[in-house]
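Below, each chain spelled out in residue letters.
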Amino acid sequence: MTVSGEGTGPSIDAGVSRSRTGFGSRLRGLLRGGVDADVWEEVEETLVSADLGANLAIEIVGRARDRPDLTPEAAVRHELTALFAPRDPIPWPRKPGPGIPAVVLVVGVNGTGKTTTIAKLAYRFKTRGARVLLAAGDTFRAAASEQLGVWAGRIGVPVIAHASGADPSAVVYDALDAAVARDIDVVIVDTAGRLHTKNNLMEELAKIRRTIARRIPDAQPEVLFILDATTGQNGLVQARAFHESTNMTGVVLTKLDSTARGGVAFSIERALGVPVRFVGVGERVEDLLDFDPDAFVEALFA
Ligand SMILES: Nc1nc2c(ncn2[C@@H]2O[C@H](COP(=O)(O)OP(=O)(O)OP(=O)(O)O)[C@@H](O)[C@H]2O)c(=O)[nH]1
Ligand SMILES: [Mg+2]
């Protein structure tokens, strides 16, 4: 893993190359021939196999077939792109006001790429001139704080950590104090991976949220849910449970480079009404892209 850019930066084309040669090429092959009822059924199956979910696949094919004004491929591409809400051009995250840091709380199940994504975000914000501070809110997993500390050292951003086993809310409180004192622009909070079925651990996230609200009432924290793109439709179940406990404001789809079925990007945004903000396309700090729906669909069909 490297900190500074070596060679060319990542691209969405490279990031979705497995999905493109997987379901993308299958769709292209089907839609560029003569498309009869049987072929439409195969299109639907291909979308299901790409992790869009059966209902969404049926809906897309139904609407695409209703567009005789477009070629079948153009109609499907149009319907896929239309699943995403229009993107907000305002830089993210927004600093609530002078002297008040933007706070980004990063949550998700175990091993989805939370800590790596935090390093990528810190690198990105710092490169663009923001003052960044990390909070080591994963006090549960052995060596989690150290892992975050190593990234922070490489990127050159400060990190606030407590001893292993400490209350994550206390770490967050201290980090916010430090952020206000040091005129920090963005605080990014790491949290322990947790299964969405563990109520006590989900309550811990709600407590962290309350702590943020108490220390900085105007903080309007962003809650980023980190979804491993390789988990497919099961990821939707996780996402719904996290949404209920934390009221997430954005999704990062990680490991898009490792899957041939990147279709969960479509279904998650539709299911939760929460935007996919970034995609992870590798293990280096540079390997994070703004999620651009048009470029994503374009790259799948390229
Ligand atoms: N290929 C690829 N690997 C990734 C990406 N993001 C994270 N990883 C890898 O996924 C593994 C887990 O990443 P972590 O960042 O430690 O995940 P985590 O969610 O913090 O894990 P816990 O703290 O144990 O819950 C590491 O090997 C990362 O390098 C990505 O976008 N692409
Ligand atoms: Mg972690």
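Residues numbered from 1 in each chain as written. Chains lettered and ligands numbered in written order. Predicted model: local features only at pLDDT ≥ 70, side-chain atom pairs only at ≥ 80, totals over all residues.

S.K.: Which residues make up the domain arrangement of the protein chain, and what values go with them?
M.R.: Here the protein chain is partitioned into domain 1 (13-81) and domain 2 (102-301). Every contact between the two is made by 21 residues of domain 1 and, on the other side, 23 residues of domain 2. Only helix H1 (12-15), helix H2 (17-31), helix H3 (37-49) and helix H5 (72-81) provide two or more residues apiece to the side of domain 1 that touches domain 2. Partitioning the side of domain 1 that touches domain 2 into residue classes produces eight nonpolar, seven polar and six charged. (Domains from an automatic or database assignment. Contact = placed C-beta atoms within 7 Å. Helix = DSSP H or I, 4+ residues; strand = E, 2+ residues; numbered from the N terminus. Nonpolar A, V, L, I, M, F, W, Y, C, P; charged D, E, K, R; others polar.)

S.K.: Tell me about the pairing of strand E7 (residues 276-280), and name the residues and values.
M.R.: On a regular strand, one side chain projects to one face of the sheet and the next to the other, so that they alternate. When you tally the buried positions in E7, you get five out of five residues, the bulk of the element. Both strand E6 (residues 250-254) and E7 contribute to a ladder of three bridges, which runs parallel. Note that in E7 the partner of Leu 253 across the bridge is Val 279. After leaving E6, the chain enters helix H11 (residues 264-272) and then returns to the sheet as E7, a path that is right-handed. (Buried ≥ 20, exposed ≤ 12 C-beta atoms within 10 Å, placed from the backbone. Pairing = 2+ DSSP bridges. Right-handed = clockwise from strand over helix to strand, strands pointing away.)

S.K.: Could you give me a rundown of helix H6 (residues 114-127), with the residues and numbers involved?
M.R.: Relative to the 20 Å expected for 14 residues at 1.5 Å per residue, H6 spans 20 Å between its end C-alpha atoms, a close match to the ideal helical length. Summarising burial for H6: 11 of the 14 residues are buried, a large majority. Looking at H6, one finds that the buried residues are Lys 114, Thr 115, Thr 116, Thr 117, Ile 118, Ala 119, Lys 120, Leu 121, Ala 122, Tyr 123 and Phe 125. In the segment just after H6, Gly 129 is the residue with positive phi, at about 100 degrees. (Expected span 1.5 Å × (residues − 1).)

S.K.: Any chance you could break down the sheet that holds strand E5 (residues 222-228) for me, citing the residues and the numbers?
M.R.: Strand pairs in the sheet, formed through backbone hydrogen bonds, run parallel or antiparallel to each other. The sheet built from eight strands is open, its strands ordered E3-E2-E4-E1-E5-E6-E7-E8 with mixed pairing. The open sheet has two free edges, formed respectively by strand E3 (159-160) and strand E8 (288-290), since each of these has just one partner strand. Pairing between E7 and E8: three bridges, direction antiparallel. Following the sheet pairing, Gly 280 is matched in E8 by Leu 288. Helix-sheet contacts for helix H7 (residues 144-155) involve strand E2 (132-137), E3 and strand E4 (186-191), and the interaxial angle to E2 is about 165 degrees. (Axes fitted to C-alpha atoms, helices over the stretch in contact; angles between N-to-C directions.)

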